[in-house]
Every structure is written in C-alpha cells, then in structure tokens.
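# Observations on chain architecture
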Amino acid sequence: MAGHTQTLYRQWLVLQMIPRAPRKVTAREIVERLHAEGQDATKRTVERDLIALSTLFPLVTDERAKPYGWSFDHASPGFSLPGMSPLQAIVLRLARSHLGRLLPAHLDEALQPYFRQADQVLIGVVHDGHRFDWDRHVAVVDPTQPLLPPDIDGAVLETIHVALDCGKRLHLTYESRSQQKVLHYTVNSLGLVYRGTVGYLVATIAPYDDPRQLALHRIRAAELLDETALHPADFDLHAYARSGAFGFLDEGPIELVLRMQRPAAQHLYETPLSTDQRIEDDGPDHVRIRATVNLTSQLRWWILGFGGQVECIAPDQLREQMCSTIQAAGILYAPG
C-alpha cells in the first residue's frame, strides 16, 4: 500500500510539472525537479509514468527532436487538483467578462481551456431541480471607452516568458514606430507591464543598462539566447511602473479638495476616493470632498471627466493645472 501511495504522489507531482503546449518539459528535467522535491526517481521511471498518464490525461509528446518534450495539449481543459469548484468557476466567468477587450488576444487564447472548464462546471450546477444559467443573470458594463487590443505573436510572447523564467537574454526583431524601421536588439528582459490593452517588455538593450519599453505587438521575432541576462542591481519593476515611465506619473500623496455638484458626487458615498474621505455640504446644490490621494495622471483625467460639475479647490498646483487645461480646451472649441 505504501508503494502504491508513493507512486500516486510521484505521478501527481509529475502532472503538476507538465506545461501547456507549446511549452514542453523533458523526462530528464522532470527527474531533476522530482529530486528537488525529495523524490528518488530514475529517468526510466518517469518515462513509464508519462506513458501511463498519457492514457488518462491529454498529454502530448514532441518527437521532432531529442530529447522528447511533454506537454498538455493546448486545447485541453485546464488541469487542477482539486477540481474547480462552482465558486471558482463563477469567479473565472466574471473575470472573463470584466477583462473583455482589455484582455490581449494572446492571453485570451491561453486562458480559453480554463474558461471552458469553468463553463463545464457551471453547466452541472443545479438549483431547486433546474440548471442555473449564469450568463442570463450577470452583465458587465465597461466604464471607459473600449479599445481593441493589438495583435501579439503568441510564439514571441512564449519565448519572452521563458526568458523571464530562466533568466536568459533575447535577440529581438523589433519594428520601431518612432524610427519607422526594423531594428535588431540583444536584450536583458526585466519584466512585463500592461497599460490597458497594450503590453510592454521592459528590458535593457545591450550594452546599455537603462530600462527601455518595447511594445509587445511590435516585436516581430524573439530568439532565446544561451546567455545569462544581466539586470541592474537596484531595479524594481513595480517602482519603475509607478515612476511615470508609462505616462502614469505618481507624484505622491496630496490633500485633495473638490467642490462637486451633488448628483456628480453621489457615487462617492458608496465608492470613496480614500479611507479618510469626508463629504460636507457646500450650499444647496454642491458638496465639498476632502481626501488623501496620490497625484497621478489618472486623477487629473478623472477630475476633467466631470467637466463643469466639479471644481478643484486644492492643492493650488493641481488647481492651476486644471485651469490651464480647461482654458486650452476652451480655445479649441471657441467659435471661429
């Protein structure tokens, strides 16, 4: 019985190590990972496990070149232990609805097996003797103007993921919009940043060490190099993303004071700007809102979106910026 339990546990670990196509893993790599887990298994044992598991699970092997690689079929339902619960399936369905056009096409394709698994789970949910149709009872409205995502080469993104995972350099063929020509770079990948529907590879371009942003949809080809990627010692991807490099400069906290028409401010009672937000009466038709928030481009756009329904009272710097922007817009719309 102990031997049977040990085999089941080893095979369970093996399944967890197998990626979805087009990625693949060799039997020798699985052996090394099993040894790291404290499992004493030979390459021959793992090969027998893989053959046995392929009769029960949608495993495929790439035999075009040795060593052969194993993977889950790219169209197969997502594999998870334990199985997906109805609650998890609902969360996935809602995530798919909320992401909508914000989800780049290549990521949507990669997640389709999991979405299909969620659909199958919810098809089997029965309440009071009848099947519950979640699609009829949940709708999502996009709060901003939707933009269609650009096309990204799935093979390129897969290669970038591998480079980030194993810390290797990349050779990229990149179509520069500013220079209007195709460039060739050897890069050290630092991370991925998504701004709305557009994704960027943050990397240093050899031999320089300053981070650059390369739009994923402009990368025409990516080759994984057998060279260790070199990273700036003090680089922090999240700090870099907050620094304003992507047009969302965070200038730190401010004490924001707004005077808003009551109908425009109604939603802030339920979805406040901050935990210390205060709303006070300011005449019969207006309220005054005070909150500690970070000064960002997004905050400016949010305030400007209310047009004449809001007045920025403080801080003075932000008020002056709002005035300049509105005056410039007024000139554009002034009768000719």
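Quantities reported herein were computed from a predicted structural model and do not represent experimental measurements.

Calculation notes
Residues numbered from 1 in each chain as written. Predicted model: local features only at pLDDT ≥ 70, side-chain atom pairs only at ≥ 80, totals over all residues. Heavy atoms only, no water. Helix = DSSP H or I, 4+ residues; strand = E, 2+ residues; numbered from the N terminus. Expected span 1.5 Å × (residues − 1). Buried < 20%, exposed > 50% of the residue type's maximum accessible area, 1.4 Å probe, protein only. Polar contact = N/O pair within 3.5 Å; in protein donor to acceptor, adjacent residues only side chain to side chain. Axes fitted to C-alpha atoms, helices over the stretch in contact; angles between N-to-C directions. Parallel < 35°, antiparallel > 145°, perpendicular 65-115°, else oblique. Left-handed = near helix turned anticlockwise from the far one by under 90°. Contact = heavy atoms within 4.5 Å. Nonpolar A, V, L, I, M, F, W, Y, C, P; charged D, E, K, R; others polar. Pairing = 2+ DSSP bridges. Salt bridge = Lys/Arg side-chain N within 4 Å of Asp/Glu carboxyl O. Phe/Tyr/Trp six-rings, centres within 6.5 Å; stacked < 30°, edge-to-face > 60°. Arc of directions from axis to C-beta.

In this section: helix H6 (residues 154-166). Helix length check: H6 (13 residues) gives 18 Å between terminal C-alpha atoms against 18 Å at 1.5 Å per residue, within 8%. When H6 is considered as a whole, its buried residues turn out to be Val156, Leu157, Glu158, Thr159, Ile160 and Ala163. Near the N-terminus of H6, the side chain that reaches the backbone nitrogen of Ala155, with its oxygen 2.8 Å away, is that of Asp153. Downstream of H6 by one or two residues, Gly167 has phi in the positive range, about 70 degrees.

Moving on to the packing of helix H9 (residues 297-304) against helix H10 (residues 316-333). Where H9 contacts H10, the axes come no closer than 11 Å and their chain directions differ by 55 degrees. The angle between H9 and H10 places the two elements in the oblique class. Handedness of the H9/H10 crossing: right-handed. From H9, Leu299, Arg300, Ile303 and Leu304 reach across to H10, where they touch Leu318, Gln321, Met322, Thr325 and Ile326. Looking at the contact of H9 with H10 residue by residue, the classes come out as 6 nonpolar, 2 polar and 1 charged.

Pairing analysis gives 9 bridges linking strand S11 (residues 253-261) to strand S13 (residues 286-294), with the strands arranged antiparallel. Each residue of the ladder has a partner; that of Ile254, found in S13, is Val293. Bridging between strand S12 (residues 278-281) and S13 involves 4 bridges; their strand directions are antiparallel. Its bridge partner lying in S13, Glu280 is registered against Arg288. The antiparallel hairpin formed by S12 and S13 contains 4 residues in its connecting segment, where Gly283 sits at a positive phi of about 90 degrees.

Inspection of every chain in the model, using the stated rule, returns 16 salt bridges. Each of the salt bridges in this network shares a partner with another, and the network as a whole consists of Arg23, Glu158 and Asp165.

Moving on to the packing of aromatic side chains. Given two aromatic rings, one states the distance between the centres and the angle between the planes to describe the pair. Inspection of every chain in the model, using the stated rule, returns 3 aromatic pairs. When the ring of Phe235 is compared with that of Tyr240, the centres are 5.6 Å apart and the planes differ by 50 degrees; the resulting orientation is tilted. For Phe235, a relative accessible area of 22% corresponds to the partly exposed category.

We now examine helix H2 (residues 27-36). Inspection of H2 places Ala27, Ile30, Val31 and Leu34 among the buried residues, and these make up the whole buried set. One side of H2 holds all its buried residues, which, seen down the axis, span an arc of 105 degrees. Exposed side chains of H2 directed beyond 90 degrees from the buried face belong to Arg28, Glu32 and Ala36. Following H2 by one or two positions, Gly38 adopts a phi angle in the positive range, close to 85 degrees.

The strand order S12-S13-S11-S14 describes an open sheet built from 4 strands, whose pairing is antiparallel. Lying at the two open borders of the sheet, with one neighbouring strand each, are S12 and strand S14 (310-314). The mean inter-strand angle of the sheet, taken between neighbouring strand axes irrespective of direction, is 25 degrees. In terms of strand pairing, S11 meets S14 through 4 bridges, oriented antiparallel. Looking at S14, one finds that Arg259 is bridged to Glu311. Contacting S11, S13 and S14, H9 crosses the sheet at an angle of about 10 degrees to S11. Packing of H10 onto the sheet brings it into contact with S11 and S14, and relative to S14 it is tilted by some 145 degrees.

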